[in-house]
Amino acid sequence: MVDFPRAFVCGHPIKHSRSPLIHNHWLMQFGLEGSYERIDVRPENLSAFLSGLKEAGFVGGNMTLPHKEAVYEFVENTDDAANAIGAANTIWFENNKLMASNTDAYGFAANLDDQLPNWRQAKRAMVFGAGGASRAILHALNEAGYEHVDLINRTLPRAQALADVFGDHIHPTNWESAKHLIAQADLLINTTSLGMEGQPDFPQIFDHARADALASDIVYTPLETPFLKMAKQCGQQTSDGLGMLLHQAVPGFEKWFGVKPPVDETLRTLILDDINNKDAS
Ligand code: ATR
């Protein structure tokens, strides 16, 4: 048995995860003894893996696709964010009990606190997309006290299902109506895959958007998405998706290794270089 804390990221497949790069950078930065490994676990082996964590000497880890919902169901002790989102991405032991959280909402909010600090003063948002990522954003907006959210989605029943969970201040809306409602939005957030490399572009719906609105994309390949480009052309302040990826890693590292790590330019450059190298190869 090793005598330093071992953590992991677990998914299937897992080889593309950038989490090891982030956590191993922080371990080196603080000179901590510890490890952070990639572990590929098939869905049918997930409960055996989770049941054996303690014995294998793990202090916790990150859970990624396709396990985020299953781990939430498996773990008895889940926090408010995981309960609201219905999925978990971070697990750890506390008093010998396995705990689970979802740090995506925290990551989104912490990144905006860094990049667009006025976002907490705004009251009205427009969110594009009603998938898993959208759930985390809606939780963050509720926590920040947003009073009105237009939730734009191609498949309206999916948006309605989220409004049923997150509150009747969430208004499911189609893309056509978004072109006009955008004039009233203080904060625009893209949670769809539109604009990601290899995916269709985000549609041009910015004609009536306000220059004083803020815009944030959760996509980070490319870093400047078509959505953010259009927002900038309107004069809006923007925040890219890389910040959320980095900030959502902070609470896990702190739980496993006992130090709250910084999200700084060195880390950002390290991950950006990795993204650019992969794109080039
Ligand atoms: P995630 O869990 O990462 O949020 P997801 O559950 O697959 O991923 O959700 C992807 C989101 O992008 C959905 O809101 C999806 O819209 P639908 O619910 O109508 O499928 C949206 N999306 C993906 N491709 C799209 C496209 N070509 N046009 C419009 N919306 C699209």
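Residues numbered from 1 in each chain as written. Predicted model: local features only at pLDDT ≥ 70, side-chain atom pairs only at ≥ 80, totals over all residues. Heavy atoms only, no water.

Engineer: Go over the overall build of the chain with me, naming the residues and quoting the values.
Structural biologist: For the chain, the count of helices and strands is twelve helices and twelve strands. Whereas a compact globule of 281 residues would reach a radius of gyration of roughly 19 Å, the chain reaches 19 Å, a difference of no more than 12%. With respect to the three principal axes, the spread of C-alpha positions in the chain is 60 × 40 × 35 Å. For the chain, the proportion of its 281 residues judged to be buried stands at 52%. Partitioning the intrachain contacts of the chain with sequence separation of at least 6 by distance along the chain shows that 65% fall at a separation of at least 24. Carbon and sulfur atoms provide 49% of the accessible area of the chain, an area that totals close to 13000 Å². Side chains of the chain give 22 positive and 35 negative charges; the mean places of these two sets differ by 2 Å. (Helix = DSSP H or I, 4+ residues; strand = E, 2+ residues; numbered from the N terminus. Rg over C-alpha atoms; globule rule 2.2 N^0.38 Å. Buried < 20%, exposed > 50% of the residue type's maximum accessible area, 1.4 Å probe, protein only. Contact = heavy atoms within 4.5 Å. Areas by Shrake-Rupley, 256 points an atom, 1.4 Å probe, with all protein chains shown as cover. Lys, Arg positive; Asp, Glu negative; His and termini not counted. Charge placed at Lys NZ, Arg CZ, Asp CG, Glu CD.)

Engineer: Give me helix H7 (residues 156–166): which residues, what numbers.
Structural biologist: For an α-helix, the turn length of 3.6 residues means that residues three or four places apart are oriented alike. All of the buried residues along H7 are Ala159, Leu162, Ala163 and Phe166. All buried residues of H7 fall inside an arc of 105 degrees around its axis, so they share one side. Away from its buried face, by an angle of more than 90 degrees, H7 presents the exposed residues Pro157 and Asp164. Lining the buried residues of H7 we find helix H4 (80–85), helix H6 (132–143), strand E8 (148–152) and strand E9 (170–173). Directly beyond the C-terminal end of H7, a positive phi value near 125 degrees is found at Gly167. (Arc of directions from axis to C-beta.)

Engineer: Can you lay out the sheet that holds strand E5 (residues 90–94) for me, pointing to particular residues and giving the numbers?
Structural biologist: In a beta sheet, neighbouring strands pair by backbone hydrogen bonds and run either parallel or antiparallel. Reading across from one edge, E2-E1-E3-E5-E6-E4 is the order of the six strands in this open sheet, with mixed pairing throughout. Either end of the sheet is taken by a strand with one partner, and the two such strands are strand E2 (35–40) and strand E4 (77–78). Sheet topology note: the strand E3 (residues 58–63)/E5 ladder contains three bridges and is antiparallel. Its bridge partner being in E5, Gly60 is matched across the sheet by Trp92. (Pairing = 2+ DSSP bridges.)

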